[in-house]
Amino acid sequence: MVIGTAWLFDAADVALLSFIMPLIKKEWFLNDNQIGLVSSITTVGMMFGAILFGYLADKFGKKNIIVITLLIFSVSNLVLALTTNVEQFMFVRFITGIGLGGELPVATTIIADSFSGHRRSKMLILVDSFWAIGWILASLLAFLFMPLYGWRFTVIATSIMALYTLVIRRHLPEQTNIKNKRLNLRIALNQIWSKKYRRATVCLSLLWFIIMFTYYGMFLWLPSVLIKRGFSVVHSFGYTLIMSFAQLPGYFLAAYLMGKLSRKKVLGIYLVGTIIGSFLFGTAQNVFMVVFSSCLLSFFTLGAWGILIALTPTQYPMNIRGVGIGFTQSIGRIGATIGPYLIGFSLSINLNISTIFSYFVGSLIIGILILVFGMVDNDQKNIQIEN
C-alpha cells in the first residue's frame, strides 16, 4: 500500500500532462511539433533519473533514495504552476521527470527485495496496478477541479506528495535501507553487461523501449488524436473513466496468470492483445469501436507494463538490482521520448491515424520476436542464489 500509493501519484502526474497539453497549446499558441517536445521532455528527465537513482538506491539504501525522488517530484510540480512560457514549462518538467524516473525503479527494487518466486511477481503487478488508480484520480482532477481552478492549481494539488514522503519514511522497514557504499557505477554497469547478464540486459532494454514507446506514444496523444478525428466522446468524463477502469482487470488477470503460466507466455499474450487493440483503434470509424478499442489498449498495454516490471528485477541479484532496473528502464525512456514526438511530427505533416498506429503494431511484433527468441527467464536461478 505504501509503495503503491507512491506509484499512484506518479501515474496521476503523467496522466494530468495529457489533459494539460491541449490547454497550454491554446494558452501559448503552440503547434503539434512543440506539443510533442513538451510531452517528450519529461521522459528525457525520467531516463536520467532511472539510472542515477537506481544506482544510488543500491549504494545508499532504497528507503533514503525513494524519499529524495518523491521530494524532487513534488517540489518541481509546485514550481511548474509558476511557469509563464513553454521554455520554463519544459525545464521544470525535465526536473520533474528526474524525480519520477528515479522513483519507479527504486520502488520496484523495494518490492522485489521483499518477496520471492511467484509471490514477488504478483506483488509487483499489484503494486503497478496503482497506476490505473492514478489515472482515475487524474481524470477526476481534470474534469472536476481543473475547469474551476485551472491547470496551475491542479498541479499544485499534486504537490501534496511532499507530505507523503513522511509516510514513506516512517512505514518502510529498515531492511529496505541496506547500503553498499563501496558500489561504483562503472563497476555495476560492467556487471549488468557481463556475460552472465548481458543477454537479459539487451532483451529487457529493447522490451522496455517498445513498451514505453507504445504506451507514451499512444496515451499522451489519445485525446488529441480523437479530437482530430471528430469524436466528441473524448471530452466526456465517462469515456476517460472507462479507459482508466479498463486497466485494473488487465493488471489483476496478469497477477492471477503469474502462478499459472510463465512470465514470458503471459507477456506474449498481452503484447498480442495490444497489437489487436492498436489495429482496432487505428481503424475505428464509430464511437463504439473507439471506446472498445481504447479499453483493449488500456487493458493490455498497462498489463504488459506490469508483467515486464515483474520480470525485470528477477534477472539480477539483489546487490545490482537497482542498477539493472534503472538502466533497462532508462533505455525504455528513449522510446517514451521518441513516441510522443513522432506522433506530434506525424500529425503536423498530416499523416493519417492508421499509418501512425502502424508504428506501434510493427514495434510490438518486434517485441514478441525478442521475447520468444531472445529472452531467458532466470528467476529460478536467482531465487536459488538469494536463498
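Residues numbered from 1 in each chain as written. Predicted model: local features only at pLDDT ≥ 70, side-chain atom pairs only at ≥ 80, totals over all residues. Heavy atoms only, no water.

- Under an unreviewed UniProt entry, the chain has the name Transport protein and belongs to Companilactobacillus paralimentarius DSM 13238 = JCM 10415.
- The Subcellular location (unreviewed entry) comment attached to the chain in UniProt states, word for word, "Cell membrane". (UniProt positions renumbered as here; feature names shortened; annotations may be inferred.)

1. Topic: the overall build of the chain
1) Next: Summing up its helical and strand segments, the chain has 17 helices and zero strands in all.
2) Next: In the chain, of all internal contacts separated by at least 6 residues, the share reaching a separation of at least 24 is 86%.
3) Next: When the accessible area of the chain is evaluated, it comes to approximately 15100 Å², of which 70% is carbon and sulfur surface. (Helix = DSSP H or I, 4+ residues; strand = E, 2+ residues; numbered from the N terminus. Contact = heavy atoms within 4.5 Å. Areas by Shrake-Rupley, 256 points an atom, 1.4 Å probe, with all protein chains shown as cover.)

2. Quick look at a nonpolar patch on the surface
1) Next: Taken together, V75, L78, V79, L148, Y149, F153 and I156 make up a surface patch of nonpolar side chains, about 680 Å² in accessible area.
2) Next: Going through the elements one at a time, α3 (62-80) and α6 (130-158) are the ones with two or more residues in the nonpolar patch.
3) Next: Ranked by residues supplied to the nonpolar patch, first place goes to α6 with four residues.
4) Next: For Y149, the location among the structural elements is in helix α6. (Patch = residues over 30% accessible without salt bridge, like charges linked within 9 Å, V, L, I, M, F, W, Y side chains within 5 Å. Salt bridge = Lys/Arg side-chain N within 4 Å of Asp/Glu carboxyl O.)

3. Describing the packing of aromatic side chains
1) Next: Considering all chains together, one arrives at 22 aromatic pairs under this definition.
2) Next: Geometrically, the ring pair formed by W193 and F327 is edge-to-face, given 5.8 Å between the ring centres and 85 degrees between the ring planes. In this pair, W193 sits in the loop between α8 (185-192) and α9 (198-219) while F327 sits in helix α15 (residues 321-348), placing the two residues 134 residues apart along the sequence.
3) Next: We classify W193 as partly exposed; its relative accessible area is 33%.
4) Next: A relative accessible area of 14% means that F327 is categorised as buried.
5) Next: Within the aromatic cluster, the residues linked to one another by ring pairs are W131, W208, Y215, Y216 and W305. (Phe/Tyr/Trp six-rings, centres within 6.5 Å; stacked < 30°, edge-to-face > 60°. Buried < 20%, exposed > 50% of the residue type's maximum accessible area, 1.4 Å probe, protein only.)

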